Amino acid sequence: MKKIVMAALATTAAFAATPASAQSVTGVVNVSGTVGDKCIVTNTGAPTGGAAFGGTVSLGSLDDSTTGLLKASGDLATAFSSAGAGQLTYRVVCTTAKTDVTVDTDELVNSAVTADPGYANTVHYDAHVALSMVGGDETVSNDSNDTPTNQVIAKRMATGATNIAVSADDFHTPNATDVMLAGTYTGKITITLAPAN
Amino acid sequence: MRSSMILAMAVAASAAPALAQSTGTIDIDGTVADRCLFTTPSETISVGELSLGGTGGTAGKLDADKLDGEARTLVGWCNGTAATMSVEAQPLLNSDFVGVAPAGFDTRINYTATATANSVQASDDSTVGGAGPAANVGLFTGNVVVALSGSATPTGGLLVAGDYSGQVLVTLTPNTSFNLPPEE
């Protein structure tokens, strides 16, 4: 008698696979842009020609009618200011921390005539540009006798209503005794603001 | 006469038993963990000049049209049915300027970022720190579209000059439950 021995070998292989810990993954979208250095005029005053801002001041009669000499400087300074805020105040804002300011004053000249000794066809004066700035106000001045004044001020223009105001004083002829020649006198004050870092 | 008869009897008697079959088995098992992956994990939106030009009251302020509507597409997948997606929008900050912006100026741009994957949306507003609420994105493979909207500055002031940068972080989180095979 045959005995058939059968051995059934059952093998179970248990794979205990440890799952990788469930980790969050993060994707990134980078966003960037720039703001350029610039100065922007938001209150222009009443500029003429191609100027971005400015105004016109009519001083009227420059001479003292009894002496023929230039009027008192104080009177001319008052006449200058009487042009009013609409002509003399502006608002410029710059996006940089510093502001580069240049003031160039051109004397009043009657170019139709030549001044003989004892006479004047030129009136010099000082222009003052008052700037409202963050951290304290500043004034940049220029004498029409001098080359332009340039200052890089380490402050920003303030963002209030208007932040630039112009005044003038120290009106004088080359010699105090010069008699004013008749005619029309014209001059100008050129103010330049540029962004600076 | 004698005759003998031989009877040959062949007896065939063998009922051989049928061979008894026996089967052995090997069980195999494995797992796939819940997992998410970004195959395109990074994109960049560069918008150039952020402020409005010209003159007048809005000059120098944020040009919202520069950021609003910008979108980029990341690509990823999640292999579990309970995966979630969340978004964190980090504001654009002026990297050149230190300190508090002076009155009338801003150095920060806020916006809302929305990520869309598998027809599910998650979003976040950069004015509030941290990520927004998670959305159930589930099993998916494909695009994760990130779009920007609602950009604004905190005070509506002029933007200080400089470079501005921010990030949108999109996080895919797989289901955290594990599928362990029974112990043998």
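This is a predicted model, so every value here is computed, not measured. (Residues numbered from 1 in each chain as written. Chains lettered and ligands numbered in written order. Predicted model: local features only at pLDDT ≥ 70, side-chain atom pairs only at ≥ 80, totals over all residues. Heavy atoms only, no water.)

1. Focus on the overall build of chain B
Tallying secondary structure elements over chain B gives 1 helix and 12 strands in all. Ordering the α and β elements of chain B from the N terminus gives β-β-α-β-β-β-β-β-β-β-β-β-β. Every one of the 184 residues in chain B was classed for burial, and the buried ones make up 36%. Here the analysis covers contacts within chain B between residues at least 6 apart in sequence; of these, 77% occur between residues at least 24 apart. (Helix = DSSP H or I, 4+ residues; strand = E, 2+ residues; numbered from the N terminus. Buried < 20%, exposed > 50% of the residue type's maximum accessible area, 1.4 Å probe, protein only. Contact = heavy atoms within 4.5 Å.)

2. Remarks on the environment of Leu69(A)
Residues and elements named next belong to chain A. Among the secondary structure elements, Leu69 is positioned in the loop between strand E2 (39–43) and helix H1 (73–81). Leu69 sits in the partly exposed class, given a relative accessible area of 24%. Apart from residues lying up to four places away in sequence, Leu69 is in contact with Leu62, Asp63, Asp64, Ala176, Thr177, Asp178, Val179 and Met180.

3. Some points on the packing of aromatic side chains
All names here are of chain A. On inspection of all chains with the given rule, the structure shows 2 aromatic pairs over all chains. Ring centres of Phe53 and Tyr90 lie 5.1 Å apart, and the angle between their planes is 55°; on these two criteria the pair is classed as tilted. Placement of the pair is Phe53 in the loop between E2 and H1 and Tyr90 in strand E3 (residues 89–94), with a sequence separation of 37 residues. Given a relative accessible area of 4%, Tyr90 falls into the buried group. Centroid distance Tyr125 to Phe171: 5.4 Å. Interplanar angle 15°. Geometry classified as stacked. (Phe/Tyr/Trp six-rings, centres within 6.5 Å; stacked < 30°, edge-to-face > 60°.)

4. Description of the confidence of the model for chain B
All names here are of chain B. Scored by pLDDT, chain B has a mean of 85; 83% of the residues are at 70 or more. Note on residues 1–16: pLDDT is under 50 here. Beyond four places in sequence and across chains, it has 0 contacts. Counting contacts from residues 178–184, a segment whose pLDDT is below 50, to residues more than four positions away or on other chains yields 12 contacts. (pLDDT = per-residue confidence, 0-100.)

5. Remarks on the pattern of salt bridges
Throughout the structure, instances matching the rule amount to 4 salt bridges over all chains. For Glu49(B), the salt bridge goes to Lys38(A), with nearest N and O atoms at 3.1 Å. Residue Glu49(B) is found in strand E2 (residues 42–49), and its partner Lys38(A) is found in the loop between strand E1 (25–35) and E2; the two belong to separate chains. The partner of Lys188(A) in a salt bridge is Asp106(A), and the shortest N-O contact between them spans 3.0 Å. Pair noted here: Lys188(A) is in strand E11 (residues 186–196) and Asp106(A) is in strand E4 (residues 98–109), with a separation of 82 residues, a long-range link. (Salt bridge = Lys/Arg side-chain N within 4 Å of Asp/Glu carboxyl O.)

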